Amino acid sequence: MSRPSFFYRNSLSIVLFTLMIIFLTGQFFTGWKTENKELIENGQAALKMREYIHSGHFIQATFENWESEFLQMMLYVLLTVSLRQKGSSESKSLTEKEEVDRDPIAHPKAPWSVKKGGIWLKLYQHSLSLAFATLFLTSFILHFYGSLKDFNDEQMMKNKPALTALQYISESRFWFESFQNWQSEFLAVASLVVLSIWLRERGSPESKPVDMPHNEN
């Protein structure tokens, strides 16, 4: 039997990253057009493409969304360790101990950190949530930077004083940008957890087998 092709073995990540790039490109060009329209209406010079990449408008819009995605995934990974939902395909069993709960064994094919043990094993045991936490904090900082820059650009157009980072951190605008995304992410995850109790998608690992009773995990 021939080995599956590279695309078949990695098709899920390839398609997802491709879609991300397509929609990020769409966001860039529509955002560029929107920002320039507003600048021209306010008597300002339009931004060139390379200038828009560094603008607060683009940075804020991009990392505002990335921030909420990474927060969602970090907390979802952590919450599913100990919390349960009866009948959901997204939850561990209510009674049985699962494979992911067992102590790691340093076998020959185990990751380097498992074989090394000690602090490296402790870090590796939580590396997924730590990675999402790092991505969240990085995106949060960049969202704040872009939002502050965009806000101060608007202040300049209105001939109003710019704010410092310490002043802007208490502005409702920044937190509104964050909260409106955070709540939608948790609604999406909660919907998947609850809907997977009763609904099915044949062939998807996010769904229970079609003939499985509703009350079983």
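Below, the structure is looked at part by part. (Residues numbered from 1 in each chain as written. Predicted model: local features only at pLDDT ≥ 70, side-chain atom pairs only at ≥ 80, totals over all residues. Heavy atoms only, no water.)

### As for unusual backbone geometry
Across the chain, the bulk of peptide bonds are trans and the bulk of non-glycine residues have phi less than zero. Backbone geometry places Asn-159, a non-glycine residue, at a positive phi of 60°. Along the chain, Asn-159 falls in the loop between α6 (127-157) and α7 (165-168). Judged by relative accessible area, which is 73%, Asn-159 ranks as exposed. (Helix = DSSP H or I, 4+ residues; strand = E, 2+ residues; numbered from the N terminus. Buried < 20%, exposed > 50% of the residue type's maximum accessible area, 1.4 Å probe, protein only.)

### Regarding the packing of aromatic side chains
Taken as a whole and judged by the stated rule, the model has 20 aromatic pairs. Residues Phe-70 and Phe-132 carry aromatic rings whose centres are separated by 6.4 Å and whose planes lie at 35° to one another, so their mutual orientation is tilted. Remark: Phe-132 occurs in helix α6 and Phe-70 occurs in helix α3 (residues 56-82); sequence separation between them is 62 residues. Here Phe-70 matches Phe-132 in class, with each residue buried. Ring geometry for Phe-151 and Tyr-168: centres 5.2 Å apart, planes at 35°, overall tilted. Taken as a pair, Phe-151 in helix α6 and Tyr-168 in helix α7 lie far apart in primary sequence, 17 residues in all. Here the aromatic cluster, defined as three or more aromatic residues joined through ring pairs, consists of Phe-136, Phe-140, Phe-144, Phe-151, Tyr-168, Phe-174, Trp-175, Phe-179 and Trp-182. (Phe/Tyr/Trp six-rings, centres within 6.5 Å; stacked < 30°, edge-to-face > 60°.)

### Overview of the pattern of salt bridges
Here the structure, examined in full by the defined rule, presents five salt bridges. Of the charged contacts in the structure, one is a salt bridge between Arg-102 and Glu-99, with a shortest N-O distance of 2.7 Å. Its relative accessible area of 43% is what places Arg-102 among the partly exposed residues. The exposure class assigned to Glu-99 is exposed, which follows from its relative accessible area of 56%. Connected through shared salt-bridge partners, Asp-150, Glu-154, Arg-173 and Glu-177 make up one network. (Salt bridge = Lys/Arg side-chain N within 4 Å of Asp/Glu carboxyl O.)

### Some remarks on the nonpolar core
In terms of nonpolar packing, the biggest core is built from twelve residues, these being Phe-70, Leu-71, Met-74, Phe-132, Phe-136, Phe-140, Phe-144, Leu-148, Phe-151, Tyr-168, Phe-174 and Trp-182. Those elements that place two or more of their residues in this core are α3, α6 and α8 (172-198). Top element by residues in this core is α6. It accounts for six residues. Non-local contacts of Phe-144, meaning those with residues more than four positions away in its chain, are made with Ala-165, Tyr-168, Ile-169 and Phe-174. (Core = buried A, V, L, I, M, F, W, Y, C linked by side-chain atoms within 4.5 Å. Contact = heavy atoms within 4.5 Å.)

### Section: the side chain of Asn-152
Tracing the chain through its elements places Asn-152 in helix α6. In this structure the side chain of Asn-152 is engaged in a polar contact, spanning 2.8 Å, whose partner is the backbone nitrogen of Leu-163. For Asn-152, the contacting residues outside a window of four places in its chain are Ala-162 and Leu-163. (Polar contact = N/O pair within 3.5 Å; in protein donor to acceptor, adjacent residues only side chain to side chain.)

### Considerations on the side chain of His-57
Position of His-57 among the secondary structure elements: in helix α3. Its relative accessible area of 18% is what places His-57 among the buried residues. Reaching out from His-57, the side chain makes a polar contact with the side chain of Tyr-52 at a distance of 2.8 Å. Once you skip the residues sitting within four places of it in the chain, His-57 turns out to touch Gly-31, Glu-35, Tyr-52 and Asp-150.

### With respect to the packing of helix α1 (residues 6-41) against α3
Running from N to C, α1 and α3 cross one another at 140°; their axes reach a closest spacing of 10 Å. Considering the angle they form, α1 stands oblique to α3. Seen along the crossing, α1 lies across α3 with a hand that is right-handed. Judged by residue contacts, Leu-24, Gln-27, Phe-28, Gly-31 and Glu-35 of α1 engage His-57, Phe-58, Ala-61, Thr-62 and Trp-66 from α3. Partitioned by chemical class, the residues of the contact of α1 with α3 number five nonpolar, four polar and one charged. (Axes fitted to C-alpha atoms, helices over the stretch in contact; angles between N-to-C directions. Parallel < 35°, antiparallel > 145°, perpendicular 65-115°, else oblique. Left-handed = near helix turned anticlockwise from the far one by under 90°. Nonpolar A, V, L, I, M, F, W, Y, C, P; charged D, E, K, R; others polar.)

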